[in-house]
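# Coordinates in review
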Amino acid sequence: MLNSIKVLDCTLRDGGYYTNWDFSRSTVINYVKAMDELPIDIIEIGYRSISKEEYYGEFFYTPINTIDSIKQITNKPIALILNERELNNGDIEYLLKPCLNKIFLIRLAVDPSNLGSAILKAKYIKSMGFKVAFNVMYLSDWIDDEIFLLNFKGIENYIDYLYLVDSYGGVFPKQIESVIKKVKIITKVKLGFHGHNNLELALANTLSAITSGIDIIDSTVMGMGRGAGNLKTELLISVLFKSSKVNFNSFSTLLEDFNDLQKKYN
């Protein structure tokens, strides 16, 4: 199991909802170095976004110099996420062309109602040379919708990963098991799970996803993330790699940083 499951940590992106996507340089360095030493397969460092009138911080836009500075301290693959509904192909080219040969995976946050337009954008991004993932949001709204699930037929031709995103933290382990079985019949694409912790079920749902044959899991340090937060990276690593030699000391300085952030942003 451990050889096949990939872990993507998205702390700087999802945790940015509390800090307005600003983190101190020392926190970023400690974070990236810890991820480099831990069994984390992909580090998602932020959004890549077009300019807005409101103030948003570094990891909402993730400029190229930020990407370059992070790549200097890790050899791990790096991911970025785009908000699909805000962008056209011209925006996508503007945002992603400078990222060629720097970014491994581009994820699209996808409203289920926009799946058709997202597929067209995914084809364009794939043609640029990136791996592509869909984070299809609001899982609890469509988990039992057999007709909607049919929209995933053939989606493996356009994307590399299809994430089931429990945006409201409202699903249960048996539902996760059931929907994964159904999706696996419809498509051969690799599947991901992004759990939120509204019912304190992020870990239970993730373990259900793993036993059901999921391929990649999202987590964040201390569960830092929107709403009730996400699956905790330190908890996931402790469970998945309890029989392996993992340098958990890598978490020590990092958790001090994030404890301070938790006190500040509650």
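This text gives an overview of the structure that appears in the document. Values in this document were obtained by computation on a predicted structure and should not be read as measured data.

## Brief notes about the state of the cysteines
- A complete count under the given rule lists zero disulfides for this structure.
- Free cysteine: Cys10, not disulfide-bonded; nearest cysteine sulfur from Cys99 at 18 Å.
- What makes Cys10 buried here is its relative accessible area of 0%.

## Let's talk about the nonpolar core
- The biggest cluster of nonpolar side chains holds 83 residues, and the ones touching the most others in it are Phe134 and Phe152.
- The element contributing the most residues to this core is helix α7 (residues 115-128), with six residues.
- Setting aside residues no more than four positions away along its own chain, Phe134 makes contact with Leu108, Val110, Leu115, Ala118, Ile119, Ala122, Ile155, Ile159, Tyr161, Leu162 and Tyr163.
- In this structure, Cys10, Ile42, Leu105 and Tyr163 belong to the second largest nonpolar core, which totals ten residues.

## A word on the packing of aromatic side chains
- Tallied over the full model, the rule gives 14 aromatic pairs.
- Pairing Tyr47 with Phe60 gives two aromatic rings, centres 5.6 Å apart and planes at 45°, and the pair type is tilted. Here Phe60 lies in helix α4 (residues 58-61) and Tyr47 lies in strand β2 (residues 42-47), a separation of 13 residues in the sequence. Pair check on accessibility: Tyr47 and Phe60 agree, each one buried.
- Taking 5.1 Å as the distance between ring centres and 85° as the angle between the ring planes, the aromatic pair formed by Phe60 and Tyr61 counts as edge-to-face. For the pair Phe60 and Tyr61, a shared accessibility class is recorded, and that class is buried.
- By the ring-pair criterion, three or more aromatic residues cluster together here, those being Tyr17, Trp21, Tyr47, Tyr56, Phe60 and Tyr61.

## Examining the environment of Ser250
- If you trace the backbone, Ser250 turns up in helix α13 (residues 250-265).
- For the pair formed by Ser250 and Ser219, sequence separation is 31 residues and the distance between their alpha carbons is 16 Å.
- At a separation of 2.6 Å, a polar atom in the side chain of Ser250 contacts the side chain of Glu37.
- Among the polar contacts listed, one links the side chain of Ser250 to the backbone oxygen of Asn247, at a separation of 3.0 Å.

## A closer look at the layout of surface pockets
- Within this model, the largest pocket holds a volume of roughly 540 Å³.
- Lining the largest pocket are 27 residues; nearest its centre among them are Arg13, Tyr17, Tyr47, Met137 and Arg226.
- Counting residues per element, the ones that place at least two in the lining of the largest pocket are α1 (11-14) and β3 (78-83).
- In terms of residue count, the dominant contributor to the lining of the largest pocket is β3 (three residues).
- Residues belonging to the lining of the largest pocket are distributed by class as follows: 14 nonpolar, six polar and seven charged.
- When its volume is computed, the second largest pocket comes out at roughly 290 Å³.
- Counting residues per element, the lining of the second largest pocket draws most heavily on α13, at four residues.
- Here the residues of the lining of the second largest pocket are counted per class, giving seven nonpolar, eight polar and two charged.

Cut-offs and rules
- Residues numbered from 1 in each chain as written.
- Predicted model: local features only at pLDDT ≥ 70, side-chain atom pairs only at ≥ 80, totals over all residues.
- Heavy atoms only, no water.
- Disulfide = S-S within 2.5 Å.
- Buried < 20%, exposed > 50% of the residue type's maximum accessible area, 1.4 Å probe, protein only.
- Core = buried A, V, L, I, M, F, W, Y, C linked by side-chain atoms within 4.5 Å.
- Helix = DSSP H or I, 4+ residues; strand = E, 2+ residues; numbered from the N terminus.
- Contact = heavy atoms within 4.5 Å.
- Phe/Tyr/Trp six-rings, centres within 6.5 Å; stacked < 30°, edge-to-face > 60°.
- Polar contact = N/O pair within 3.5 Å; in protein donor to acceptor, adjacent residues only side chain to side chain.
- 1 Å grid on protein atoms, 1.4 Å probe; cavity = no way out; pocket = protein on both sides within 12 Å on 5 of 7 lines; lining within 4 Å.
- Points joined across faces, edges and corners; volume = space filled by probe spheres on them.
- Nonpolar A, V, L, I, M, F, W, Y, C, P; charged D, E, K, R; others polar.

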